[in-house]
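Residues per chain are reported as follows:
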Amino acid sequence: MSLKPLFLFACTVCALPLMAQKNYTLTSPDGTLQATVATGSDLRISLSADGETLLAPSPVSMTLGGGEVLGSNPKVTRARKNTADARIASPFYKKSSVRDHYNELELTMRGDYGLVVRLYDDGLAYRFTTRKKDGILVENEQVAYTFPADYTAYAPYVGHKRLLDFEGQFRNSFENTYTRLPLTQLDPRKLIFLPVLVELPGGRKMVITEADLQGYPGLFLNNSTEAPVLKGVFAPYPKKEEQGGHNQLQMLVTEREPYIAATEGTRSFPWRVMAVSKDDSQLLDNDLVYRLAPASKIADTSWIKPGKVAWEWWNAWNLYDVDFKAGINNETYKYYIWFASQHGIEYVILDEGWAVNKQADLMQVVPEIDLEELVEYGRERNVGIILWAGYYAFERDMERVVKHYADMGVKGFKVDFMDRDDQRMVDFLHRAAEVCAEHKMLLDFHGVFKPTGLNRTWPNVLNYEGVFGLEQLKWSAESTDMVKYDVTMPFIRMVAGPMDYTQGAMRNASRGNYRPVHSEPMSQGTRCRQLAEYVVFESPITMLCDSPSNYMKEPECFAFMASVPTVWDETVALTGSVGEYIAIARRSGDTWYIGAMTDWTPRELELDLSFIGNGNYDVESFADGINAATGKRINKSMISRWENDRDLPTVDNAIALARFFGCTLEYLGNGTPEGEMNNDQPRKSTPASGDPRQDAPRLAKRVQRRHAYHVKRRRCERLHRRRFHSAFHRHILSRQSHRP
């Protein structure tokens, strides 16, 4: 008899937490995604798609100074749902405007805090809010992305040659390739920086990052080997710093506080962002970070000019066929300015070396450089000057330095070697953006963490590094696979925002031929791959990394590099597979650019280009030479023209592509050509149709393992199908009616 009451009592105790729990649900505008916030003894967020769990219930909380835990035994006093559907102007982005369409759940809790959850068709974001009267200390935030199974992740570890504790890893440049492993097999001793990609069932992907990061440290992740969970880690607030690091240009943290942030008591905290795709290509055109960032604080942006930069550091000032000693001197930089002016390049950068070394003083200029003369020389030729600056040299006297060089006529700064994302460094980025905006100066951040939307709030911030860019091939080991990285990173890092990859190499090594040569560096892949990167990679201010001497030897492809836009009116993700291939179309005005790349594997793609619409178009195409893998780099451009009123003929310049580095594009409407193709490849004859492109399949048969375009019309759609084995093929489409 005594067992029954005991059993009933135990059941009653166990049931109490379940009875206290309440679920709040939110559905995406298209009904595909559903988020659930469970409030019981803690706060937990989960996410599903079409009924399948993507993110298992994951605890979220924030611990404040004094031991208060936001999210512990939460008491909801108000639950409110909102819907928004608006357009955001985005003048320096991959599209001219962004649709901001979401459903939102706002939970207000007893204790002067809240949780906001937004659900878009392409992802989930949540963040804490507080309404405290006084300032607060945040001791920690619980972030725990919990998955229902041991899914595979693409994780960029903090890149140190030797294993350090977390404190040692907090200082890093946020540059590395990806490690692809199941979640529980990732190295728990290593920090992972964002963004991170997780493969989900049914071909879906999730990219984890953050947005609206201000007054708070950036988020690292670390895995559990016991369960498929990625846990958040934050760098504590710096207590003591000392000057050191690269050429005495950094501030090294020597002691930290027992909290991660000291901040206002009434505020919104950073968004925890999960971008979700049904197929990989959707990640190539995801706008979550931009949408979630605060609106622009610059009313008049007419002075902000994106563009390309003639850059000397990567090519080590290697000029030839000149009558002066190339190096850090006025003659060399005047040559770069002259070169830029001849090719419509907007800027020249003076990278490290123009200021006296190891002084961390940007007012001390080396005697070989006369900045005022260079600025005036550039002004006369419509070329702006950008100055490189080490972090501490810039930060220690920011107001005076920015005003001095703005008054001189310098257009902006490339600030480097921050190598941290604690709160003090995050605050520095915001302060630098504001001070430079006051003086109408551009910013390009290097040695920095991923973008979190600052480029929307302060659009004078045109670019970020935080990417394993081409500079790495000046010193990286021969085992480095940059070709693989190039078709992986756009699906992950580029979700966060623009990136200064610094493409444009003219020495192009095929597989097995790459060597790190610091003074005469090379890329991996073919020349056309470098051209493709100007279309595929988002980069409002873009480097031309190689020497003017090398560029002028290759006028056909360099003309494209110099003229391709850096911001866009429209972006269409055509197709892609993480780590394998990618194809993107971008429009500027009436001109479409289509770029694509593959890894080392030949493959066949079919592209739907019906979005281009009807009209008359010219097509310009670049393709790898037949022997690009072993010798000849690129063929001359091919130009053809047709009217979009009939079935589209085969679109190919009959140029063979170098094996393994493909890129494909197309342009169309339907039509017959009006113009003749300019092709330096031999042709047997002109077919009776009068269209030399019709001969492409015959030529392709003569070239083993090469193939031409095949375009078919199906159900009023124009489909472009093509087999490519190599790095880049580019077409420009422009409406003939708009040509002068």
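Please refer to the structure higher up on the page.
Residues numbered from 1 in each chain as written. Predicted model: local features only at pLDDT ≥ 70, side-chain atom pairs only at ≥ 80, totals over all residues. Heavy atoms only, no water.

A. View of the overall build of the chain. When helices and strands are tallied, the chain shows 15 helices and 40 strands. Here the chain, with 740 residues, has 61% of them falling under the buried criterion. In the chain, the proportion of contacts linking residues at least 24 apart, taken out of those at least 6 apart, comes to 72%. For the chain, the computed accessible surface area is about 27900 Å², with 46% contributed by carbon and sulfur atoms. (Helix = DSSP H or I, 4+ residues; strand = E, 2+ residues; numbered from the N terminus. Buried < 20%, exposed > 50% of the residue type's maximum accessible area, 1.4 Å probe, protein only. Contact = heavy atoms within 4.5 Å. Areas by Shrake-Rupley, 256 points an atom, 1.4 Å probe, with all protein chains shown as cover.)

B. Expanded view of the packing of helix H7 (residues 398–408) against helix H8 (residues 423–438). Running from amino to carboxyl end, H7 crosses H8 at an angle of 35°, the nearest separation of the two axes being 10 Å. In this structure, the crossing between H7 and H8 has a hand that is right-handed. Where H7 approaches H8, its residues Met 398, Glu 399 and Val 402 are matched on the opposing element by Phe 428, Arg 431, Ala 432, Val 435, Cys 436 and Glu 438. Classifying every residue of the contact of H7 with H8 by side-chain character gives six nonpolar, no polar and three charged. (Axes fitted to C-alpha atoms, helices over the stretch in contact; angles between N-to-C directions. Left-handed = near helix turned anticlockwise from the far one by under 90°. Nonpolar A, V, L, I, M, F, W, Y, C, P; charged D, E, K, R; others polar.)

C. A look at the packing of aromatic side chains. Evaluated as defined, the whole model comprises 31 aromatic pairs. Pairing Phe 170 with Phe 220 gives two aromatic rings, centres 5.8 Å apart and planes at 45°, and the pair type is tilted. Taken together, the residues span a long stretch of sequence, with Phe 170 in the loop between helix H2 (166–169) and strand S12 (179–182) and Phe 220 in strand S16 (residues 219–223) at a distance of 50 residues. Across the pair, exposure class does not vary: Phe 170 and Phe 220 are buried alike. The interplanar angle of 25° and the centroid separation of 4.6 Å between the aromatic rings of Tyr 551 and Phe 558 together place this pair among those described as stacked. Like Tyr 551, the residue Phe 558 is buried in the burial classification. Aromatic ring contacts, followed pair by pair, group Trp 354, Tyr 391, Phe 394, Tyr 405, Phe 413 and Phe 428 into a single cluster. (Phe/Tyr/Trp six-rings, centres within 6.5 Å; stacked < 30°, edge-to-face > 60°.)

D. Region of the structure containing the side chain of Thr 457. Assignment of secondary structure puts Thr 457 in helix H9 (residues 454–457). What makes Thr 457 buried here is its relative accessible area of 4%. If we ignore the near neighbours within four places in the chain, the residues touching Thr 457 are Ala 293, Pro 294, Ala 295, Ser 296, Lys 297 and Ile 298.

E. Broad picture of the nonpolar core. By size, the foremost hydrophobic cluster in this structure holds 200 residues, and its most contacted members are Phe 147, Phe 394, Phe 413 and Phe 445. With nine residues, H8 is the largest single contributor of residues to this core. Excluding residues within four positions of it along the chain, Phe 445 makes contact with Val 415, Met 418, Leu 429, Ala 432, Leu 454, Val 461, Asn 463, Tyr 464 and Glu 465. With 13 residues, the next largest nonpolar core counts Val 572, Leu 574, Tyr 581 and Ile 612 among its residues. (Core = buried A, V, L, I, M, F, W, Y, C linked by side-chain atoms within 4.5 Å.)

F. Main features of the pairing of strand S25 (residues 384–390). With respect to burial, S25 is a largely interior element, seven of its seven residues being buried. Across four bridges, strand S24 (residues 347–350) lies against S25 in parallel orientation. Bridge assignment links Val 348 to a residue of S25, and that residue is Ile 385. In this region the chain leaves S24, passes through helix H5 (residues 371–380) and returns to the parallel neighbour S25; the handedness of that crossover is right-handed. Pairing geometry for S25 and strand S26 (residues 412–416), over five bridges, is parallel. Among the inter-strand pairings, Trp 388 is bridged to a residue of S26, identified as Lys 414. (Pairing = 2+ DSSP bridges. Right-handed = clockwise from strand over helix to strand, strands pointing away.)

G. Up close: the pattern of salt bridges. One pass over the full model with this rule turns up 40 salt bridges. For Asp 212, the salt bridge identified is with Arg 127, shortest N-O distance 2.8 Å. With Asp 212 in the loop between strand S15 (205–211) and S16 and Arg 127 in strand S9 (residues 123–131), this pair connects stretches of sequence that are 85 residues apart. The exposure class assigned to Arg 127 is buried, which follows from its relative accessible area of 13%. A salt bridge links Arg 587 to Asp 569; its shortest N-O distance comes to 4.0 Å. With Arg 587 in strand S33 (residues 581–588) and Asp 569 in the loop between helix H14 (555–563) and strand S32 (570–577), this pair connects stretches of sequence that are 18 residues apart. Overall, Arg 587 belongs to the partly exposed group, its relative accessible area being 22%. Through salt bridges that share partners, Glu 167, Glu 241, Arg 256, Arg 420, Asp 422 and Arg 424 make up one connected network. (Salt bridge = Lys/Arg side-chain N within 4 Å of Asp/Glu carboxyl O.)

H. Molecular detail of the environment of Glu 580. Take Glu 580: it is sitting in the loop between S32 and S33. With 22 residues separating them in the primary sequence, Glu 580 and Pro 602 have C-alpha atoms 9.8 Å apart. Apart from residues no more than four positions distant in its own chain, Glu 580 is found in contact with Val 487, Met 597, Thr 598, Asp 599 and Arg 603.

I. Summary view of the sheet that holds strand S27 (residues 442–445). Reading across the sheet, the seven strands line up as S28-S27-S26-S25-S24-S23-S31 and stay open at both edges, with parallel pairing between neighbours. Of all the strands in the sheet, the pair left with one neighbour each is strand S28 (461–464) and strand S31 (541–544). Each strand axis lies, on average, 25° off the axis of its neighbour in the sheet, ignoring direction.

J. Just the side chain of Glu 104, in detail. In this fold, Glu 104 is placed in strand S7 (residues 97–109). For Glu 104, a relative accessible area of 10% gives the class buried. A distance of 2.6 Å separates polar atoms of two side chains, one belonging to Glu 104 and the other to Arg 118. (Polar contact = N/O pair within 3.5 Å; in protein donor to acceptor, adjacent residues only side chain to side chain.)

K. Looking closely at unusual backbone geometry. With an omega of -5°, the peptide bond between Leu 194 and Pro 195 qualifies as cis. Assignment of secondary structure puts Pro 195 in the loop between strand S13 (192–193) and strand S14 (196–199). Despite not being glycine, Gln 248 shows a phi value in the positive range, around 60°. Among the structural elements, Gln 248 can be located in the loop between strand S18 (238–244) and strand S19 (250–256). Of the residues examined, Gln 248 reaches a relative accessible area of 32% and is grouped as partly exposed. In the Ramachandran plot, Ala 316 falls in the positive-phi region, its phi being about 60° despite a non-glycine side chain. With respect to the helices, strands and loops of the structure, Ala 316 is situated in the loop between strand S23 (307–310) and helix H4 (330–342). Overall, the relative accessible area of 23% leaves Ala 316 in the partly exposed class.

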